[in-house]
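Descriptive analysis of the structure
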Protein chains: 2
Amino acid sequence: MPEFLKLVSPQSAAERFKQHLPVFQPQSELIPTAEAVGRVTAEAVRAGEPSPAFSRSTVDGYAVRAADVYGASDGLPAYLELAGEVPMGGAPAFAIKAGQAAVIYTGGMLPEGADAVVMLEYSQETRANEVELFRPVAVGENVVKRGEDVAENQVVVPAGQRLRPAEIGGLMALGITHVRVNRQPRLGILSSGDEVVPPDQPALPGQVRDCNTYSLAALVRQEGGLPATYPIIPDRVEAMSAAVARALAENDGVIITAGSSASTRDLTAEVIQAQGQPGVLVHGISIKPGKPTILAVVNGKPVIGLPGNPVSTLVIAELFVRPMVAYLAGVKQKNWTPEVSAELTVNVPSQAGREDWIPVRLIEAGSGWKAEPVFFKSSLIFNLAQADGMVKCDLDATGLEAGQQVSVRLLN
Amino acid sequence: MPEFLKLVSPQSAAERFKQHLPVFQPQSELIPTAEAVGRVTAEAVRAGEPSPAFSRSTVDGYAVRAADVYGASDGLPAYLELAGEVPMGGAPAFAIKAGQAAVIYTGGMLPEGADAVVMLEYSQETRANEVELFRPVAVGENVVKRGEDVAENQVVVPAGQRLRPAEIGGLMALGITHVRVNRQPRLGILSSGDEVVPPDQPALPGQVRDCNTYSLAALVRQEGGLPATYPIIPDRVEAMSAAVARALAENDGVIITAGSSASTRDLTAEVIQAQGQPGVLVHGISIKPGKPTILAVVNGKPVIGLPGNPVSTLVIAELFVRPMVAYLAGVKQKNWTPEVSAELTVNVPSQAGREDWIPVRLIEAGSGWKAEPVFFKSSLIFNLAQADGMVKCDLDATGLEAGQQVSVRLLN
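Predicted model only: the values in this text are computed from it and were never measured. Going along each chain's sequence as written, the residues are numbered from 1 onward. For this description, chains carry letters from A and ligands carry numbers from 1, given in the order in which they are written. Only residues with pLDDT of at least 70 get local features here, since the model is predicted, and only at 80 or more are side-chain atom pairs given and counted; chain-wide, interface and lining totals rely on the full set of residues. To obtain the side-chain values, all non-hydrogen atoms of the structure were included, while hydrogens and water were left out.

1. So, the overall build of chain A
Note the threshold: For the purposes of this entry, the term helix denotes a DSSP run of H or I that reaches at least four residues, the term strand denotes a run of E that reaches at least two, and both are numbered from the N terminus. For every residue, the accessible area (1.4 Å probe, protein chains only) is compared with the maximum for its type, and the residue is labelled buried under 20%, exposed over 50%, or partly exposed between those bounds. For this analysis, residues touch if any pair of their heavy atoms sits within 4.5 Å. Within this scheme the basic residues Lys and Arg register as positive and the acidic residues Asp and Glu register as negative, but His and the chain ends are omitted. Charge positions come from single atoms, namely NZ of Lys, CZ of Arg, CG of Asp or CD of Glu.
Along chain A, the regular secondary structure elements total seven helices and 28 strands. Dimensions of chain A, computed from C-alpha atoms along their principal axes, come out at roughly 95 × 50 × 40 Å. Classification of the 412 residues of chain A by burial places 55% in the buried group. Across chain A, contacts joining residues at least 24 apart in sequence account for 72% of those joining residues at least 6 apart. Computing the positive centroid from 34 side-chain charges and the negative centroid from 44, chain A places the two 7 Å apart.

Now the structure itself:
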């Protein structure tokens, strides 16, 4: 049994957690590509055909053999015979022979024999069936070649990628109307505490309504997970053990928010530890808010224990739950954190040896932003609702200074 | 009828568009708060009760009258009579009189008479019904007061705010289990082009499959809109007029991607202009890719005409369609763009007088990121799928330099 609050740094905590997570192979399902935005590919997707499927023009103009307009200029145009007009959406019924040109529009299929396109603005049709061209073109100029975007059988989307609008469009362009994606991971969300009641009930004196279950479920949904919620657990070992065992059996991962007192937080660690191997990996992180966080792996499934305070819960959820859901979703991409750069409005003191996350409000300041720290207590959730994002004060720093440019991590 | 491509700057284009958009009042609906993440409040939400509903302890320890521990120290502890233990989830059945203390846990309800809490670590229970306390506390210390987070009737979420996990949790804490949100805006998406065929059909020579409809629908969905798609429109005035009129009637806004040739793009502008007032506001933006973009308002509804090229379509959708959907969703919040800071790997030339958006791939480099430009042609969608984000080269700049720190706007 790990002891209470052997603090480890946030980075060590994340690494230890990651090391113990088993290679997770989510189940997959075949779904319509048109509905797949945000879903994660279960396997590499290959092109069944080259794209474009034919060489085509990127401009409006004349399809030619480049050799026929070699050296053409305003003073010395090339005179070419018109072989016809390329129909949009069809193959030209003619080929371009030496000395010939054809009217072609952007996206039109290059006729056989042609190897480049002269733009419309460098042309003049003065006589029937003839065009004057005033500019030379290189072979391939103003043309997209067959297979230039994608070769046949090329991997167009790797496995483990979250599909964005660009991939959705690309797959549809290739006629890939269905795509195999990972099933969305199920995350069991448990709240405990003798003082906690469901939100649809009146809160009697001494009682508080459950908010963590719902803020966490919303966050899990945002990350592409399916939250499964459970009845509130009373602060007794047996009740919590049964609830955690059930949630572990029914889900790919579990998130537990502890009752608010220190003793019930210990209870959470004890219960998780008893569920299986390797058990609790981290109990206590040198971070504020969120020090009493528990990171565990039980029989191959990640379990995160969060402090009961709603603000700590959400801050730690941003830092540890979001990446866990992405992991369970099978995301294998690089991972970055979008931020907004802003000027800090006041000095913020911090304790060295502890990573501080300071909720801030973003305020427009000319073309940029100012970041104004929001006063908060961990137990007051609307303090956090007033924040647009949060700013990190590093483990070894003793504070941030007014006027300093900081990176604001948005609370989405 | 506006002339073709009177280029305006991206900023002027956005401002002109915004000025002509009417005050939009979306319809609203009452939905469960638990399902409201990402939705936009239709009205200000007020607290029906104060939060917390009672003063409570933020630590494990002893509820006291601060006056009774005045000057207490290790050498000179205060000896207080134990009046009882505060039950979790209930009101204490006793009050604290002068000279008394009560055991209290984090989140426990402060007994009447008590005005502060001494932390457990500064205490010792040596005799039955008595506790020694070694530290003084100020009135209100380690206590969250009734109404400290939210006063009764206070606005807790303003109208026009997109609900995040923090707001969802906060509303549930107040027992607000249903919330009035704006209906999701419907966006009609039209693609035109004689060469364009649906993705589930084989593409014959000269034909290309429709990808813009699906990449745009995905993007609209990401922004909280409901995309409505329509059959592909042939490049004829009557067909396009009928399709645009229908889409305008059935939706809150319309997005049209033109056929690829310059003449069909003109057709789009002409058709939009004929639909109503004020009509086409911008036709041509000094931006690359995406120059032939059309911004219009027709009888109070926004219409955006996008170039047919899939890359231009998506870049302009990031810059103009996303904000339009947010506008129609009734979002009234401040608006920032999350970015990742990265070091540019190579020089990027640009033409002054044109805003360039350069797709880049993000590459891990130690603790930071490098941004590597992705070679692209506007017509090749998988070029864009290789990009993680894009970098702006300002209107008046002639390029960006290798080694320069740039802000990468992510392609989500």
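2. Brief notes about the sheet that holds strand β18 (residues 278-283) of chain A
Residue and element names in this part refer to chain A. The following threshold applies: Two strands qualify as a pair provided that DSSP identifies no fewer than 2 bridges between them. Working convention: axes come from line fits to C-alpha atoms, limited for helices to the stretch in contact. Angles between N-to-C directions cover 0 to 180 degrees.
As summarised here, the arrangement of the six strands in space is β16-β13-β17-β21-β20-β18, forming an open sheet in which the pairing is mixed. Two strands bound the open sheet, and with one partner strand each, they are β16 (226-229) and β18. For this sheet the average axis-to-axis angle between neighbouring strands, irrespective of direction, equals 20 degrees. With five bridges connecting them, β18 and strand β20 (residues 294-298) associate as antiparallel partners. Within β20, the position partnered with His283 by the bridge is Ile294. Each of β18, β20 and β21 (301-306) is contacted by helix α1 (residues 10-20), which is oriented at about 170 degrees to β18, the strand it contacts most.

3. A few points about the interface of chain A and chain B
To keep things clear, this is the line we draw: Defined in terms of a 1.4 Å probe, buried area is the accessible area two parts forfeit on being brought together, summed over both. We count a salt bridge whenever a side-chain nitrogen from Lys or Arg sits within 4 Å of a carboxyl oxygen from Asp or Glu. Any pair of nitrogen or oxygen atoms within 3.5 Å is treated as a polar contact; in protein, a donor-acceptor pairing is required on top of that, and neighbouring residues in sequence qualify only through side-chain atoms on both sides.
Counting residues at the interface gives 82 residues for chain A and 82 residues for chain B. Taking both partners together, chain A and chain B bury about 6,800 Å²; carbon and sulfur atoms supply 63% of that area. Taken together, the links from chain A to chain B amount to four salt bridges. One salt bridge connects B:Lys377 with A:Glu148, and the closest N-O pair in it is separated by 2.7 Å. Applying the counting rule to chain A against chain B returns 25 residue pairs in polar contact (both at pLDDT 80 or more). Per-element accounting of the side of chain A that touches chain B gives the leading share, nine residues, to helix α2 (residues 165-173) of chain A.

4. Points about the packing of helix α3 (residues 212-222) of chain A against helix α6 (residues 310-328) of chain A
Residues and elements named next belong to chain A. The condition is simple: For this classification, under 35 degrees means roughly parallel, over 145 means roughly antiparallel, 65 to 115 means roughly perpendicular, and everything else is oblique. Here is the rule for handedness: rotate from the far helix to the near one, and if that takes an anticlockwise turn smaller than a right angle the crossing is left-handed, while a clockwise turn gives right-handed.
In contact at an axis separation of 10 Å, α3 and α6 are set at 30 degrees when each is read in the N-to-C sense. For the element pair α3 / α6, the angle class is roughly parallel. In this structure, α3 crosses over α6, and the sense of that crossing is right-handed. Facing Asn212, Ser215, Leu216, Leu219, Val220 and Gln222 of α3, the residues of α6 in contact are Pro310, Thr313, Leu314, Ala317, Glu318, Val321, Arg322 and Val325.

5. With respect to α1(A)
All names here are of chain A. How we decide: As used here, the arc is the angular range of directions from the helix axis to the C-beta atoms.
Listing the buried residues of α1 in full gives Pro10, Ala13 and Phe17. When α1 is viewed along its axis, its buried side chains cluster within an angular range of 60 degrees and face the same direction. Seen from the open side of α1, the exposed residues pointing more than 90 degrees away from its buried face are Gln11, Lys18 and Gln19. Here the buried face of α1 lies against β18, β19 (287-288), β20, β21, α6 and β24 (355-365).

6. Points about the environment of A:Leu187
All names here are of chain A. Within the element layout of this structure, Leu187 appears in strand β13 (residues 186-191). Here the alpha-carbon distance between Leu187 and Thr229, two residues 42 residues apart in the chain, equals 8.5 Å. Excluding residues within four positions of it along the chain, Leu187 makes contact with Val220, Leu226, Pro227, Ala228, Asn251, Gly253, Val254, Ile255, Met324, Val325 and Leu328.

7. As for the pairing of strand β5 (residues 78-85) of chain B
All names here are of chain B. Note: β5 against strand β9 (residues 130-133), four bridges, orientation antiparallel. Directly across from Ala78, in β9, lies its bridge partner Leu133. By the bridge criterion, four bridges tie β5 to strand β6 (residues 100-104) in an arrangement that is parallel. Bridging from a neighbouring strand, Glu85 pairs with Val103 of β6.

8. Considering the packing of aromatic side chains
We apply this condition: Two rings from Phe, Tyr or Trp (for Trp, the six-membered ring) form a pair when their centres are within 6.5 Å of each other. A pair whose planes differ by under 30 degrees is stacked, one over 60 is edge-to-face, and the rest are tilted.
Within this structure, the stated rule accounts for four aromatic pairs over all chains. Residues A:Trp336 and B:Trp369 carry aromatic rings whose centres are separated by 5.3 Å and whose planes lie at 85 degrees to one another, so their mutual orientation is edge-to-face. Separated into two different chains, A:Trp336 in the loop between α6 and β22 (339-344) and B:Trp369 in strand β25 (residues 368-373) make up a pair that spans both. A residue is classified by how much of its surface remains accessible, and A:Trp336, at 17% relative accessible area, is buried.

9. A closer look at the sheet that holds strand β6 (residues 100-104) of chain A
Judged by pairing direction, the sheet is mixed, and its six strands sit side by side in the order β7-β4-β6-β5-β9-β8 (chain A) without closing on themselves. On the outer flanks of this sheet lie β7 (116-119) and β8 (123-124) of chain A, each paired with one strand and no other.

10. Quick look at the relation of the copies chain A and chain B
Here is the rule: Residues below a pLDDT of 70 in either copy are left out; the C-alpha atoms of the rest, at least 70 in both, set the least-squares superposition of the copies.
Mapping chain A onto chain B calls for a screw motion: a turn of 180 degrees about the axis and a shift of 0.0 Å along it, with 0.0 Å RMSD after fitting. These values place the two chain copies in the arrangement generated by a two-fold rotation axis. The share of interface residues of chain A whose copies in chain B are also at the interface is 100%, consistent with both copies meeting through the same surface.

11. Regarding the domain arrangement of chain A
All names here are of chain A. Keep this limit in mind: Residue ranges for the domains originate in an automatic or database domain assignment.
Partitioning chain A into structural domains gives domain 1 (10-26 + 183-328), domain 2 (29-50 + 152-182), domain 3 (56-144) and domain 4 (339-410). Contacts between the two partners involve 14 residues from domain 1, matched on the other side by 16 residues from domain 4. Contact between domain 1 and domain 4 buries roughly 1,400 Å² in total, counting both sides, with carbon and sulfur atoms accounting for 70%. Area buried by domain 1 at its contact with domain 4 is led by Lys288, Val311 and Leu319, which between them contribute 38% of it.

12. Quick notes on the pattern of salt bridges
Residue and element names in this part refer to chain B. For the structure shown, the criterion picks out 32 salt bridges over all chains. Between Glu238 and Arg236 there is a salt bridge; the shortest N-O distance is 3.6 Å. Glu238 sits in the exposed class, given a relative accessible area of 54%. When its relative accessible area of 46% is taken as the criterion, Arg236 is described as partly exposed. A salt bridge links Lys370 to Glu343; the nearest nitrogen and oxygen atoms lie 3.8 Å apart.

13. Looking at the environment of B:Val254
Residues and elements named next belong to chain B. Mapping Val254 onto the fold places it in strand β17 (residues 253-257). The spacing of Val254 and Glu15 is 239 residues in sequence and 19 Å in space, taken between C-alpha atoms. Setting aside chain neighbours within four positions, we find Val254 in contact with Leu187, Gly188, Leu190, Ala247, Leu248, Pro302, Val303, Ile304 and Met324.

14. A closer look at unusual backbone geometry
Of the consecutive residues A:Gln277 and A:Pro278, the connecting peptide bond is found in the cis state with omega at -10 degrees. Mapped onto the elements, A:Pro278 comes out in strand β18. For the bond from A:Lys288 to A:Pro289, the omega torsion is -5 degrees, close enough to zero to count as cis. With respect to the helices, strands and loops of the structure, A:Pro289 is situated in the loop between β19 and β20. Despite not being glycine, B:Asn129 has its phi angle at roughly 60 degrees, a positive value. Here B:Asn129 is to be found in the loop between β8 (123-124) and β9. Of note in the backbone geometry, B:Asn142 takes a positive phi value of approximately 60 degrees without being a glycine. Mapped onto the elements of the fold, B:Asn142 is located in the loop between β9 and β10 (143-144). Residue classification places B:Asn142 among the buried positions, given a relative accessible area of 18%.

15. Focus: the side chain of A:Arg39
All names here are of chain A. Locating Arg39 in the fold gives a position in the loop between β1 (28-32) and β2 (45-46). Assessed through its relative accessible area of 13%, Arg39 is described here as buried. Engagement of the side chain of Arg39 in a polar contact is seen with the side chain of Glu29, the distance being 2.6 Å. Apart from the residues lying within four places of it in its own chain, the contact partners of Arg39 are Glu29, Ile31, Gln161, Arg162, Leu163, Val181, Asn182, Arg183 and Gln184.

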